[in-house]
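Residue strings, one per chain:
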Amino acid sequence: FHLNSEDLFDESLPLVKCKAKGGTLLLWPAELDPYITILPTSTPAILPCRVSLPGVITSYHICIYLPTAGKDDQFFSALAALEVIITEIYEKHDGLYPVFIRGDGNASSKNALRSTLLQHFLTKHDLHKVQIPHPTYHHFVGDGLFDSDLDIVLYTNTQGCSEVFCSVVCKLDNPLVESHHDIILSKFTLPLA
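Residues numbered from 1 in each chain as written. Predicted model: local features only at pLDDT ≥ 70, side-chain atom pairs only at ≥ 80, totals over all residues. Heavy atoms only, no water.

Student: Outline the packing of helix α1 (residues 72-92) against helix α2 (residues 112-124), listing residues and values.
Tutor: As a packed pair, α1 and α2 sit with axes 12 Å apart at the nearest point and diverge in direction by 5°. It follows from the interaxial angle that α1 and α2 lie roughly parallel. The segment α1 lies against α2, with D72, F75, F76, L79, L82, E83 and I86 engaging L113, R114, L117, F121 and K124. Here the residues of the contact of α1 with α2 are counted per class, giving eight nonpolar, no polar and four charged. (Axes fitted to C-alpha atoms, helices over the stretch in contact; angles between N-to-C directions. Helix = DSSP H or I, 4+ residues; strand = E, 2+ residues; numbered from the N terminus. Parallel < 35°, antiparallel > 145°, perpendicular 65-115°, else oblique. Contact = heavy atoms within 4.5 Å. Nonpolar A, V, L, I, M, F, W, Y, C, P; charged D, E, K, R; others polar.)

Structure below.
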């Protein structure tokens, strides 16, 4: 991503508006800056980073926002870019470092093509899907009938690493949440280095 100075006042840029829409975002406390490296990517749909905390094995965390329904060509392209990143991580470290992927997969189980493709992707890369007890994207109509399971939390079981679901925070429960997506809270484990 490259930003020219004349683009700073372009109202279409998410960071110029009071509410961002689309793209990916990673946040961490400033004291972790020395241990986190953002990795290059070919698409704004994917934001990978390497986390090298003292005393535990290095891990890779990838935030995703895959293109929405109706943009299948962009979805396939973003999934291919994600595959390149994962393959490079596996090859560079002989598959010894865990990979965690979280975000909006935009592959609802109601969409046969995307859900089948995503399942194939998970199997191919030995990714485990954290079970989330209910759909986390809400249309807030039909008493939940139209809610979708778009959000995913994935991990590799490398060296016994795992991730588990803790809870969700919905905009109906917390006025600070403005998204139709619930906030998903999970925790992961890393072995000592």
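Student: Just give me the short version of the nonpolar core, but keep the residues and values in it.
Tutor: A general feature of soluble globular proteins is that nonpolar side chains tend to end up buried together. Of all hydrophobic cores here, the largest spans 24 residues; its most connected members are I46, I62, I64, L82, I86, I101 and L127. The set of elements that each furnish at least two residues to this core consists of β3 (59-65), α1, β4 (99-104), α2 and β6 (151-156). Formed by eight residues, the second largest nonpolar core is a distinct cluster that contains V130, V153, Y155 and C161. (Core = buried A, V, L, I, M, F, W, Y, C linked by side-chain atoms within 4.5 Å. Buried < 20%, exposed > 50% of the residue type's maximum accessible area, 1.4 Å probe, protein only.)

Student: A description of the side chain of N106 should follow, citing residues and the corresponding values.
Tutor: Secondary-structure assignment places N106 in the loop between β4 and α2. For N106, a relative accessible area of 8% gives the class buried. Those residues within four positions of N106 in sequence are excluded, and the remaining contacts are Y65, L66, P67, T68, F75, R114 and L150.

Student: Go over the sheet that holds β3 with me, naming the residues and quoting the values.
Tutor: One open sheet accounts for six strands, arranged β1-β2-β3-β4-β6-β5; its pairing is mixed. The sheet is open, and its two borders are formed by β1 (36-38) and β5 (127-129), each paired with just one other strand. Each strand axis lies, on average, 20° off the axis of its neighbour in the sheet, ignoring direction. Here β4 pairs with β6 via five bridges, running antiparallel. Paired with F100 across the two strands is Y155, which belongs to β6. (Pairing = 2+ DSSP bridges.)

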